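# Fold and contact review
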Amino acid sequence: MPTELSKGTLFDPKLVTDLITKVKGKSSLAVLSNQTPIPFNGLKEFIFTMDSEVDVVAENGKKTHGGISLEPVKIVPIKVEYGARISDEFLYASEEEKIDILKSFNDGFAIKLARGLDIMAFHGVNPRTGSASNVIGDNHFDSKVTQKVEFDAAAANDNIEDAVELLTANEYTPSGMAMAPTMRSALAKLKDGNGRKLYPELAWGATPSSLNGLSVDTNPTVSANSNKDRAIIGDFASAFKWGYAKQIPMEIIKYGDPDNSGKDLKGYNQVYLRAEAYLGWGILDPKAFSRVTDEA
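Residues numbered from 1 in each chain as written. Predicted model: local features only at pLDDT ≥ 70, side-chain atom pairs only at ≥ 80, totals over all residues. Heavy atoms only, no water.

This next bit is on the overall build of the protein. Counting secondary structure elements, the protein contains seven helices and 13 strands. Expressed as a percentage of its 296 residues, the buried residues of the protein come to 43%. The contacts in the protein between residues at least 6 apart in sequence include a share of 75% that link residues at least 24 apart. About 16,000 Å² of surface is accessible on the protein, with carbon and sulfur atoms providing 49% of the total. (Helix = DSSP H or I, 4+ residues; strand = E, 2+ residues; numbered from the N terminus. Buried < 20%, exposed > 50% of the residue type's maximum accessible area, 1.4 Å probe, protein only. Contact = heavy atoms within 4.5 Å. Areas by Shrake-Rupley, 256 points an atom, 1.4 Å probe, with all protein chains shown as cover.)

Written out as structure tokens, the structure is:
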């Protein structure tokens, strides 16, 4: 390992693997859906729609056209970054201490990256500013998924059943559900006619990975930035994909004012750590999802 990391140095492959592993554990979308490598120039997923059913053909009978439509969904990675100032003593630290600092930075970046993926893909928001992102546009669940159920805490179980019914009407079967803590709490409070909890596995803040055989993940990102979503349920396994470009740049900046704070690094005996990642995602069919929301 070099004694100093220069601009443009990439994360060590082991750190990249560790980073993505941590992202998968902290992002609801990464938990519930399939990850695929995304090239820098993006990729296309082609969605076939068969317009008719199969046809019975008699011996020597005539075959007819069934019809097909093909619509591409392009998944284009967008760049996200995170940076932080640390003491320039980092430059003179031993190799072991540098590795510890980079591992700590890697851990923190993984948490922010996981949270950022959910916030961007769920709500189309720039995680840092909390505002809608022109870069993301309408490529997010709140924009594309128009099938909605109004949230009622006293009938949270019925809300989910109604959301599932919207999917089955389109011949989709849900593979998972991401829910906000508000929905988890509402389900935990439900009781049957004899006063017994319907979901005892949710008691005292527990967050199991499945309910009634359905994969679930509880995450504040579902309702981040005061969003009104309470649960998003659907076929995450086949109708949503996300991925990242494997090369993750890591910079150690020693000069200037890279975060536009008005404080020169040299003047404050600091260096700046900056990591960037390229994330892309695509909702292959919005009809494969429904949202339980408190928008009303």
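Here the narrative resumes.
Per the stated rule, a full pass over the model turns up 13 salt bridges. When the shortest N-O distance is used, the salt bridge between Arg 196 and Asp 192 registers 3.2 Å. For Arg 196, a relative accessible area of 53% gives the class exposed. Two residues, Glu 251 and Arg 274, come together in a salt bridge whose shortest N-O distance is 3.8 Å. One end of the pair, Glu 251, is in strand β11 (residues 250–253); the other, Arg 274, is in strand β12 (residues 270–283), and 23 residues separate them in sequence. Judged by its relative accessible area of 9%, Glu 251 is buried. A residue is classified by how much of its surface remains accessible, and Arg 274, at 16% relative accessible area, is buried. (Salt bridge = Lys/Arg side-chain N within 4 Å of Asp/Glu carboxyl O.)

On the surface, a cluster of negative charge is contributed by Glu 150, Asp 152, Asp 158, Glu 161, Asp 162 and Glu 165. The element best represented in the negative patch is helix α5 (residues 156–169), accounting for four residues. (Patch = residues over 30% accessible without salt bridge, like charges linked within 9 Å, V, L, I, M, F, W, Y side chains within 5 Å. Lys, Arg positive; Asp, Glu negative; His and termini not counted. Charge placed at Lys NZ, Arg CZ, Asp CG, Glu CD.)

The next subject is the pairing of strand β6 (residues 176–179). Residues Gly 176 and Ala 178 line one face of β6 and the alternating positions Met 177 and Met 179 line the opposite face, and both faces are buried. With four bridges connecting them, β6 and strand β8 (residues 214–218) associate as parallel partners. When the sheet's bridge partners are listed, Gly 176 is paired in β8 with Ser 215. Of the pairings in the sheet, the one linking β6 to strand β9 (residues 229–234) comprises four bridges and is antiparallel in character. Its bridge partner being in β9, Ala 178 is matched across the sheet by Ile 232. (Pairing = 2+ DSSP bridges.)

With that settled, consider the nonpolar core. Membership of the largest hydrophobic core comes to 39 residues, with the highest contact counts inside it found for Phe 141, Phe 240, Trp 242, Leu 279, Trp 281 and Phe 289. Mapped by element, the contributors of at least two residues to this core are α2 (28–32), β4 (78–87), α3 (95–123), α7 (236–239), β10 (240–244), β11 and β12. Sort the elements by how many residues they give to this core and α3 lands first, with eight residues. With sequence-adjacent residues up to four places away left out, Phe 289 is seen in contact with Phe 141, Val 145, Gln 147, Leu 167, Ile 233, Gly 234, Asp 235, Phe 236, Ala 239, Phe 240 and Ile 283. Membership of the second largest hydrophobic core comes to 21 residues, among which are Ala 163, Leu 167, Met 177 and Ala 231. (Core = buried A, V, L, I, M, F, W, Y, C linked by side-chain atoms within 4.5 Å.)

Below, the discussion takes up empty space enclosed by the protein. Per the stated rule, a full pass over the model turns up one cavity of 30 Å³ or more. In this structure, the largest cavity spans a volume of roughly 50 Å³. Taken together, Asp 88, Leu 91, Tyr 92, Lys 254, Lys 266, Gln 270 and Val 271 form the lining of the largest cavity. Looking at the lining of the largest cavity residue by residue, the class counts come to three nonpolar, one polar and three charged. (1 Å grid on protein atoms, 1.4 Å probe; cavity = no way out; pocket = protein on both sides within 12 Å on 5 of 7 lines; lining within 4 Å. Points joined across faces, edges and corners; volume = space filled by probe spheres on them. Nonpolar A, V, L, I, M, F, W, Y, C, P; charged D, E, K, R; others polar.)

What follows covers the packing of aromatic side chains. A full pass over the atoms with the stated rule returns seven aromatic pairs. Geometrically, the ring pair formed by Phe 122 and Phe 141 is edge-to-face, given 5.7 Å between the ring centres and 65° between the ring planes. Placement of Phe 122 in helix α3 and of Phe 141 in helix α4 (residues 141–144) is noted, with a sequence separation of 19 residues between them. Considered together, Phe 122 and Phe 141 belong to a single accessibility category, that of buried residues. Ring geometry for Phe 141 against Phe 240: centres 5.4 Å apart, planes inclined by 40°, an arrangement best described as tilted. Taken together, the residues span a long stretch of sequence, with Phe 141 in helix α4 and Phe 240 in strand β10 at a distance of 99 residues. On the basis of relative accessibility, which here comes to 0%, the residue Phe 141 falls in the buried class. Taken together, the aromatic side chains of Phe 122, Phe 141, Phe 236, Phe 240 and Phe 289 make up a single cluster linked through ring pairs. (Phe/Tyr/Trp six-rings, centres within 6.5 Å; stacked < 30°, edge-to-face > 60°.)

Backbone geometry places Trp 204, a non-glycine residue, at a positive phi of 60°. In this fold, Trp 204 is placed in the loop between α6 (181–189) and β7 (210–211). In this structure Trp 204 comes out as exposed when scored by relative accessible area, which is 89%. Even without glycine at this site, Asn 225 takes up a positive phi of about 60°. Tracing the backbone through its elements, the reader meets Asn 225 in the loop between β8 and β9.

In short, the description is geometric, and any link to function would need to be established separately.
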